[in-house]
Number of protein chains: 4
Amino acid sequence: MLANHQFQLNYVTDLLGRRQLDAQDIIRQIVDFQVAIPSWALGTGGTRFGRYPSGGEPRSLEEKIEDVGLLHRLNGSSNSISLHIPWDIPQDIPALEQQLREQKLVIDSVNSNTFQDQKEQPYSYKFGSLLHTEEATRQQAIQHNIDCIGYGKQLGAKVLTVWLADGSNFPGQQHFRQAYQRTADSLASIYEAMPSDWTMLIEYKPYEPHFYSMVIPDWGTSYALSQATGKNAQVLVDLGHHLPNTNIEQIVARLLHFGRLGGFHFNGSSYGDDDLTTGSSKPFQLFLIFNELVDGKLDQAVNNPAVAYMIDASHNTKDPLEDLLQSVNSILTSYAKALIVDRATLRDAQLNNDVVKAEEILRDAFLTDVRPLVMEAYRQSGGALDPIAAYRAERIREQLIQRRGKLSVSTGL
Amino acid sequence: MLANHQFQLNYVTDLLGRRQLDAQDIIRQIVDFQVAIPSWALGTGGTRFGRYPSGGEPRSLEEKIEDVGLLHRLNGSSNSISLHIPWDIPQDIPALEQQLREQKLVIDSVNSNTFQDQKEQPYSYKFGSLLHTEEATRQQAIQHNIDCIGYGKQLGAKVLTVWLADGSNFPGQQHFRQAYQRTADSLASIYEAMPSDWTMLIEYKPYEPHFYSMVIPDWGTSYALSQATGKNAQVLVDLGHHLPNTNIEQIVARLLHFGRLGGFHFNGSSYGDDDLTTGSSKPFQLFLIFNELVDGKLDQAVNNPAVAYMIDASHNTKDPLEDLLQSVNSILTSYAKALIVDRATLRDAQLNNDVVKAEEILRDAFLTDVRPLVMEAYRQSGGALDPIAAYRAERIREQLIQRRGKLSVSTGL
Amino acid sequence: MLANHQFQLNYVTDLLGRRQLDAQDIIRQIVDFQVAIPSWALGTGGTRFGRYPSGGEPRSLEEKIEDVGLLHRLNGSSNSISLHIPWDIPQDIPALEQQLREQKLVIDSVNSNTFQDQKEQPYSYKFGSLLHTEEATRQQAIQHNIDCIGYGKQLGAKVLTVWLADGSNFPGQQHFRQAYQRTADSLASIYEAMPSDWTMLIEYKPYEPHFYSMVIPDWGTSYALSQATGKNAQVLVDLGHHLPNTNIEQIVARLLHFGRLGGFHFNGSSYGDDDLTTGSSKPFQLFLIFNELVDGKLDQAVNNPAVAYMIDASHNTKDPLEDLLQSVNSILTSYAKALIVDRATLRDAQLNNDVVKAEEILRDAFLTDVRPLVMEAYRQSGGALDPIAAYRAERIREQLIQRRGKLSVSTGL
Amino acid sequence: MLANHQFQLNYVTDLLGRRQLDAQDIIRQIVDFQVAIPSWALGTGGTRFGRYPSGGEPRSLEEKIEDVGLLHRLNGSSNSISLHIPWDIPQDIPALEQQLREQKLVIDSVNSNTFQDQKEQPYSYKFGSLLHTEEATRQQAIQHNIDCIGYGKQLGAKVLTVWLADGSNFPGQQHFRQAYQRTADSLASIYEAMPSDWTMLIEYKPYEPHFYSMVIPDWGTSYALSQATGKNAQVLVDLGHHLPNTNIEQIVARLLHFGRLGGFHFNGSSYGDDDLTTGSSKPFQLFLIFNELVDGKLDQAVNNPAVAYMIDASHNTKDPLEDLLQSVNSILTSYAKALIVDRATLRDAQLNNDVVKAEEILRDAFLTDVRPLVMEAYRQSGGALDPIAAYRAERIREQLIQRRGKLSVSTGL
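Rules of the game
- The written sequence of each chain sets the order in which its residues are numbered from 1.
- Just so you know, chain letters begin at A and ligand numbers begin at 1, following the order they were written in.
- Restriction of local features to residues with pLDDT of at least 70 applies here, the model being predicted, together with a cutoff of 80 or more for giving and counting side-chain atom pairs; totals for whole chains, interfaces and linings are based on all residues.
- Side-chain measures here rest on the full set of heavy atoms in the structure, leaving out hydrogens and waters.
- Counting from the N terminus, the helices are the DSSP runs of H or I reaching at least four residues and the strands are the DSSP runs of E reaching at least two.
- Every radius of gyration here is taken over C-alpha atoms, with the globule rule written as 2.2 Å times N^0.38, N being the number of residues.
- Burial classes: relative accessible area under 20% of the type maximum marks a residue as buried, over 50% as exposed, and values in between as partly exposed (1.4 Å probe, protein chains only).
- The contact definition used throughout considers only heavy atoms, calling two residues in contact when any of these lie within 4.5 Å.
- Note that accessible areas follow from Shrake-Rupley with a 1.4 Å probe, and for residues the cover is restricted to the protein chains shown.
- Convention adopted: a line fitted to C-alpha atoms gives each axis, helices being fitted over their contacting stretch, and angles between N-to-C directions are expressed from 0 to 180 degrees.
- When an angle is under 35 degrees it counts as roughly parallel; over 145 it counts as roughly antiparallel; between 65 and 115 it counts as roughly perpendicular; any other value is oblique.
- Throughout, a crossing is termed right-handed when the near helix is turned clockwise from the far one, and left-handed when it is turned anticlockwise from it by less than a right angle.
- When residue character is reported, Ala, Val, Leu, Ile, Met, Phe, Trp, Tyr, Cys and Pro are called nonpolar, Asp, Glu, Lys and Arg charged, and the others, Gly included, polar.
- Joining two parts hides part of their accessible area as seen by a 1.4 Å probe, and the buried area is that hidden amount summed over both.
- The working definition used for a salt bridge is a side-chain nitrogen of Lys or Arg within 4 Å of a carboxyl oxygen of Asp or Glu.
- Whenever two N or O atoms come within 3.5 Å, that pair is a polar contact, provided that in protein one can donate a hydrogen and the other can accept it, and provided that, for residues adjacent in sequence, both atoms are side-chain atoms.
- Here the expected length of a helix is defined as 1.5 Å per residue gap, with one fewer gap than residues.
- The copies were overlaid with a least-squares fit restricted to C-alpha atoms from residues scoring a pLDDT of at least 70 in each copy.
- In short, DSSP must find at least two bridges between two strands for them to pair.
- Whether a crossover is right-handed comes down to one check: with the strands pointing away from the viewer, does the path from the first strand over the helix to the second run clockwise; if it does, it is right-handed.
- Aromatic rings from Phe, Tyr and Trp, with only the six-membered ring used for Trp, were paired whenever their centres fell within 6.5 Å, and each pair was classed as stacked if the ring planes differed by under 30 degrees, edge-to-face if by over 60, and tilted otherwise.
- Only when the NZ atom of a Lys or the CZ atom of an Arg is both within 6 Å of the ring centre and within 35 degrees of the ring normal do we say a charge sits over the ring.
- Note on scores: pLDDT gives the predictor's confidence for each residue, bounded by 0 and 100.

Looking at an unreviewed UniProt entry, chain A carries the name L-rhamnose catabolism isomerase, with the source organism given as Hymenobacter cavernae.

Here it is as structure tokens:
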């Protein structure tokens, strides 16, 4: 296998060399690229119609860290974890810190949850959280977000991700303008309690779990809310949160231009928030998105903070760990393709309105087989050339089932 | 309230009389129109993100019959129940028959469930049921459908509804042609075991719970399968099971023309299978659908069996019983509007391509306020003029909670 | 007919009176509501596949004014005209002013056209106008917009509507961030040349005539551009310019809340920018939009300038004048329904999260037959009870054909 | 360039050899694959908003044949032409035959046009053609189709493609069931006049140019019509003719399974019938479609006639000939990727429900850079390694402009 890899790597190195591109330089950039793994994606997900767990799921924050450590050992690209509160409330902080250090992991962000009622909670979110008509319910939701910041601080996180399920199912149910203003006011209260070196990410979603209106349905609303909230409030783009046929890469470019692109939730989607493996459905779109990210990063004129890259998916069909390995692989592959785009020539073609040439430059990068570069990046960061093959060869799932049981069920969707 | 009703009824009777329409005749047709209530819609539904139960939910088949009886008492339009197996396996048949007779209810259909694994079941449906690659799994699913027919026969049902969640989440996962053929073969086996006076309804759905392919994604596939299966196999149209912008009323017309429209699942939908209150989102579309149903019924040339009308919704936000009362009201209102369409003039306008006139005829029927006719139909069938008001005045939900408890949870989605 | 009208009007007056609503007051508001007619919608439109003209189309600005005057005489609700430059460059200003006065019409707005090349024009818009890579082409497009303002000033207009067809058909064709910035800079140049009592309306559209990206695809981009341009720059909402399933009424509420809703283009749409008769496809949505407009107008807290109401459609199938009469009728009917919403009770229901009640209040208003109010408004403003019937009875189209010829073709799409 | 090609070809030959695949065998299959060029795509297209011609467009059938000959010389993959009547009525048959022979071209199909009125034609298609309410109009449209067959016979075509623009813009305009039946009857009349070795392709399209209903909106309707018409009636799939998010590859598999897939119209689409360069928008989908086509061809159980492959696009932005060269290149690239799918292993993974493995097999084929195989196929069939580069180097457009003029405008959309 290594011989075969070397054969392919040599070829692509030579190929890129002929275009004055240094393969090793690109590999280094791939090595540096890290994607956060969400704690809730380590167990088998489900739909409202059912769930088919596969066993060996992590039963605690410690076991979740263990699983991410395992992924990071295999691909060297998953060095951080997104926590979800209240599913992941840390208990023994020093022990967790020790475990994170050992696995070379960090906590990147904390996600609040006001879309489900917790047992002990006095007020229900059935009719909303940050937009609720009742002051007490809003306060409870605000406090939950502030608590999340507190948990995050304990483990070194610097990002609070706010996804609001708030919305309505029927015309008339909510007063649009007032619901918006209550949401904006609640976010301002949370922002006030946030340390100045933290970032608040405001996610948008057009529908689900509500099917008439969502209070933050589109990037325009997230953007307006980030303007109203403060300079450390940013927009989070989730690939599955758009109406049919949305040009997402242009939204990415817009937000970069405005300096308000805070983060990314990667997943695959054909219809709605399908939460499938990243890249499984529209790999060309994923490449075009990375093309904007790379272009923005290279442009001095762009004044956007560092973007937080996270996976957010629900693994209903596949082994969650295999699914995550596939997702990271697709992300890195798309990133690598974006890195070899001949931007100088592209700029010329654009300025001359040579449409065919401009398109062919992107197409050339997309059609080039960069997988040997990604594999080499795995290898150089101490992972496996083929992480899924290694995962299977090591019989990791079987071991996890043995240790944790066939019926262990992780928190998540 | 009655005086106000009489005032409005008199007016609409007069108004219709001026168009040579007999209000009483229309009221009679509304009285005759019955919509089946699905047993699974009597409890609070949920999304994959959470569930907010409201209490007092029916805990047994008997209590579900009780709830439908209650609805039928209030609106006189819900005289039948759709069972869902295994959630509603009947135990004491004579007692159930007695209860049904007392409540003036019948069982219209039985719905099989091969989209969830049941505890005792040897083979999993994770990778499909009627299309499964393994013979044993297919046989288990076939037998479950045959069992459903058996349960239905015990209570006088004549319809088996087959909704298949079978599909795939990823390209390559299933072989399209073989998956289709296995499905067709399985349906044939079930059909063979079905009494000759039963109807098999084959439902289609483009996505969810699978997000790459569904084995029966569209009416064309349902139609082809019904042709292959036999003359008592029919297509079932669920209003929420279409891609964005689908012209559903034309599909209804097509199936009537082919003699293959077997049944209807009513619900409201803005995005996908939202399962909201019928008529809450697109009342004009609902009217246009009824316009086709009425037109087909009046046309001697149409050779289509009686259509089974059923609600299929998930009540996440509202009291399920109030939601069902609203849904039936919207259905009857749309039906009443379709009944007053001036078809002779419409036909003339169509033949003369007088587009404005043809459209205005439909618009006139749609804009006419026919609610007094529906209220009068309620009254004449022994129900309440305003069923929701009556439901609230009688404090029925409070009583149900008292009897069944705040935490009772019904089976369903 | 008048007797029949009086019978229906009496009923609805009585009906509303029972709800403490003054029918005459509502009629007065309907009378006051005026919708601008676009000059380009007076001729038969077409698709890229063909055009089927019906004859008698206006051949000059004078004849267009004549046609709008004719509509206004019939319905009393179309007192203004939207001009399109270069199709409607005014020549004899005093004569036009005289004609407008006689017909009781005003010019409300001027629409620029940089989506087509004009014969004499030195630079082509094939690759864009305000976003073009070439300074000279941008300047030409900027100057055209400034010229439009000049023409508008001559006839008393106060609004410049900018719809940009600028976009791209292929990935790579345009640099998203630079294309956006060039557009913003060009708009700023036009704005600078605009009198301070004018409003610039910035329209958005997700696709067509370009099918990969549009430089202003959504309300978020229009909003950001209006912020960057100045306080008299506003967003224009065209009902057909949204991706499938967009909740447009919520966008309307957002923009009102931000004080940036400048105008409306009414039309009907099932799939994309179908440009059909307003209200022909989704009358409930149209009502919900008016519900927001009325609610915003009644709310002291809303600080939004007066909204410009315009029709923007393409009449391919019907007689354009009949189509416009239908559209205005649908608009007024929706407006009337919005005026009878019981807002106090609705507010209570919303604050109490009584979802069923809130929905039923809107549903009640929507289902009420308010057509007699609209007819009475026509009558009181000197129009015909049934404008289309009057148009047909007067044989207006036949007269226009006789005067202007069977083959006269108006400018437009 | 040739050296560089040889370097890449050697590599991919070696790479495939390691998987027991014979590169030369795949190249041969690519060489054999031919795509028909539509006569109407040789000129600059347009949208309803405008057209930007580029000059040198073919002014006659002879010049269109010349242009396709030119393409075929460059890529060796475009050996046939789809005619459009009345735009391409052949005059001097022997001369045309001679020209076709010289250019090594054939006429593959004839497309009828009943979506536009021709000058001399007595009845208008404004309200439909094959579905028209008037017998005389239907007869005219039927006769036009029969005439098309006649023209096609003169030049050796064997396929009649029927695309019907018939539909309606407004509810009520057409009677759905009768409109369908009139269409079916008209098709039967045409079929009767068709030689027994001809194929009739029945195209479907959900909307445009009508925006409420199309008489053949989906594959289900095309399929039902093909069943009713006869065994030589087949379904034609146009990639741009689907509602958002349709899984087209599954439709392809269905039709192959039913033995009713007659032909393909290739183009690129992001929103609707965008008619862009094939492969420019969703290359993965194009690959998955070819995956079904290849799989069906290899399967003895599939009993489907040969599929007719045609491009159908409108070139608004690019030089039409460059656009066609790109389209054919994307088609061949997708085909080549489908040819290297490891079907035996895929079948195993599918039977074992090893979802990750099944998906990775497809992904591996998709991510492999097969362009050297396509280039070699060009070379072996006597074309250019890089047809677009050759086209530009030879300054072909400039020559065409010189010969035909800057303002020559071809027939088409």
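So much for the structure itself; the text now carries on.
Please clarify how the overall build of chain A should be interpreted in this entry.
A count of helices and strands for chain A gives 15 helices and 12 strands. Taken over the C-alpha trace, chain A has a radius of gyration of 22 Å; the compact-globule value for 413 residues is 22 Å, and the two agree within 12%. Dimensions along the principal axes, computed over C-alpha positions, put chain A at roughly 65 × 60 × 40 Å. Buried positions account for 71% of the 413 residues belonging to chain A. Taking contacts inside chain A between residues at least 6 apart in sequence as the whole, the part at least 24 apart equals 80%. Carbon together with sulfur atoms contributes 50% to the accessible area of chain A, which is approximately 13300 Å² in total.

Would you mind going over the packing of helix H9 (residues 283-298) of chain D against helix H12 (residues 355-367) of chain D with me for this structure?
Any two packed helices are characterised by how steeply their axes cross, that is the angle between the axes, and by the distance between the axes. All names here are of chain D. Direction vectors running N to C along H9 and H12 enclose 115 degrees, while the axes themselves pass 11 Å from each other. Taken together, the axis directions place H9 and H12 in an arrangement best described as roughly perpendicular. The interaxial crossing formed by H9 with H12 has right-handed handedness. Of the residues in H12, those touching H9 at Pro283, Phe284, Phe287, Leu288 and Asn291 are Leu362, Ala365 and Phe366. For the contact of H9 with H12, a count of residues per class yields seven nonpolar, one polar and no charged.

Sorry, what's going on with the interface of chain D and chain B here?
Chain D puts 55 residues into the contact, and the matching count from chain B is 55 residues. Contact between chain D and chain B buries roughly 4800 Å² in total, counting both sides, with carbon and sulfur atoms accounting for 55%. Salt-bridge contacts for Arg177 of chain B lead to Asp295 of chain D; the nearest nitrogen and oxygen are separated by 2.4 Å. For the pair chain D and chain B, the interface holds 27 residue pairs in polar contact (both at pLDDT 80 or more). Where the side of chain D that touches chain B is concerned, the elements lending two or more residues are helix H6 (176-192), strand E9 (213-214), helix H7 (219-229), helix H8 (248-258), H9, helix H11 (343-351) and H12 of chain D. For the side of chain D that touches chain B, the element with the highest residue contribution is H8 of chain D, accounting for seven residues. Residue composition of the side of chain D that touches chain B, by class: 25 nonpolar, 20 polar and 10 charged.

Which parts of the structure should I look at to understand helix H1 (residues 2-17) of chain B?
Given 3.6 residues per helical turn, the α-helix brings residues three or four places apart onto the same face. Taking 1.5 Å per residue, 16 residues should reach 22 Å; H1 of chain B reaches 22 Å between its end C-alpha atoms and fits that length. Taken together, the buried positions of H1 of chain B are His5, Phe7, Gln8, Leu9, Tyr11, Val12, Leu15 and Leu16 of chain B. In this structure, the buried side of H1 of chain B is in contact with helix H2 (23-32) and helix H13 (371-380) of chain B together with helix H1 (2-17) of chain C.

What should I look at first to understand the relation of the copies chain A and chain C in this one?
Two copies of the chain are present, and they differ by a rotation about an axis and a shift along that axis. Between chain A and chain C, which share one sequence, the superposing operator has a rotation angle of 180 degrees and an axial displacement of 0.0 Å; the RMSD is 0.0 Å. Taken together, the turn and the small shift mark the pair as related by a two-fold rotation axis. Considering only C-alpha atoms, the part of chain A nearest the rotation axis is Gly220 of chain A, at 2.0 Å. A high fraction, 100%, of the interface residues of chain A reappear at the interface in chain C, so the copies pair face to face through one surface.

What exactly am I supposed to notice about the pairing of strand E4 (residues 80-84) of chain A here?
Two faces make up the sheet, and in a regular strand the side chains alternate between them. Residues and elements named next belong to chain A. Of all five residues in E4, five are buried; the element is thus mostly enclosed. What you see with E4 is no split at all: Ser80, Ser82 and His84 on one side and Ile81 and Leu83 on the other are buried throughout. Bridge analysis of strand E1 (residues 36-38) against E4 gives three bridges, and the strand direction is parallel. If you follow Ala36 over to E4, its bridge partner there is Ser80. Pairing of E4 with strand E5 (residues 106-111) involves five bridges; the strand directions are parallel. Looking at E5, one finds that Leu83 is bridged to Val110. Traced from E4 through helix H4 (residues 93-103) to E5, the parallel crossover comes out right-handed.

Mind showing me how you'd approach the side chain of Asn316 of chain A here?
Along the chain, the position of Asn316 of chain A falls in the loop between strand E12 (308-311) and helix H10 (320-339). The buried category is assigned to Asn316 of chain A, whose relative accessible area is 13%. In terms of polar contacts, Asn316 of chain A uses its side chain to reach the side chain of Ser314 of chain A, at 3.0 Å. Setting aside anything within four residues of it in sequence, one finds Asn316 of chain A in contact with Thr44, Gly45, Gly46 and Thr47 of chain A together with Lys126 of chain B.

Teacher, can you tell me more about the packing of aromatic side chains here?
By convention here, two paired aromatic rings are described through the distance between centres and the angle between planes. Following the criterion strictly, the structure yields 96 aromatic pairs over all chains and no others. Judged by centre distance (3.4 Å) and plane angle (5 degrees), the ring pair of Tyr11 of chain A and Tyr11 of chain D falls under stacked. Highlighted residues: Tyr11 of chain A in helix H1 (residues 2-17) and Tyr11 of chain D in helix H1 (residues 2-17), drawn from two different chains. For Tyr11 of chain A, a relative accessible area of 12% translates into the label buried. Cluster of aromatic residues (ring-pair linked, three or more members): Phe33, Phe264, Phe266, Phe290, Tyr309 and Tyr335 of chain A. Here the basic side chain of Lys318 of chain A rests over the ring of Phe170 of chain B, its NZ or CZ set 3.4 Å away from the ring centre. A cation over an aromatic ring shows up here: Lys337 of chain A above the ring of Phe366 of chain A, its NZ or CZ 5.1 Å from the ring centre.

Can you walk me through the interface of chain A and chain C in this structure?
Put simply, an interface is often sized by how much accessible area is lost when its parts join up. With 55 residues of chain A in contact, the opposing surface of chain C contributes 55 residues. Taken as a group, Phe176, Arg177 and Asn353 of chain A account for 16% of the area that chain A buries against chain C, more than any other trio of residues on that side. Linking chain A to chain C there are four salt bridges. Where chain A touches chain C, the interface holds 27 residue pairs in polar contact (both at pLDDT 80 or more). Among the elements of the structure, helix H6 (176-192), strand E9 (213-214), helix H7 (219-229), helix H8 (248-258), helix H9 (283-298), helix H11 (343-351) and helix H12 (355-367) of chain A are those that each provide at least two residues to the side of chain A that touches chain C. Top contributing element to the side of chain A that touches chain C by residue count: H8 of chain A, with seven residues. Among the residues forming the side of chain A that touches chain C, the class breakdown is 25 nonpolar, 20 polar and 10 charged.

In this structure, what is going on with the confidence of the model for chain A? I would like to understand it.
Caution applies to low-pLDDT parts of the model: their predicted coordinates are not meant to be read in detail. For chain A, per-residue confidence averages 97 on the pLDDT scale, and 100% of positions sit at 70 or higher. Reported for the predicted complex are a pTM of 0.98 and an ipTM of 0.97.

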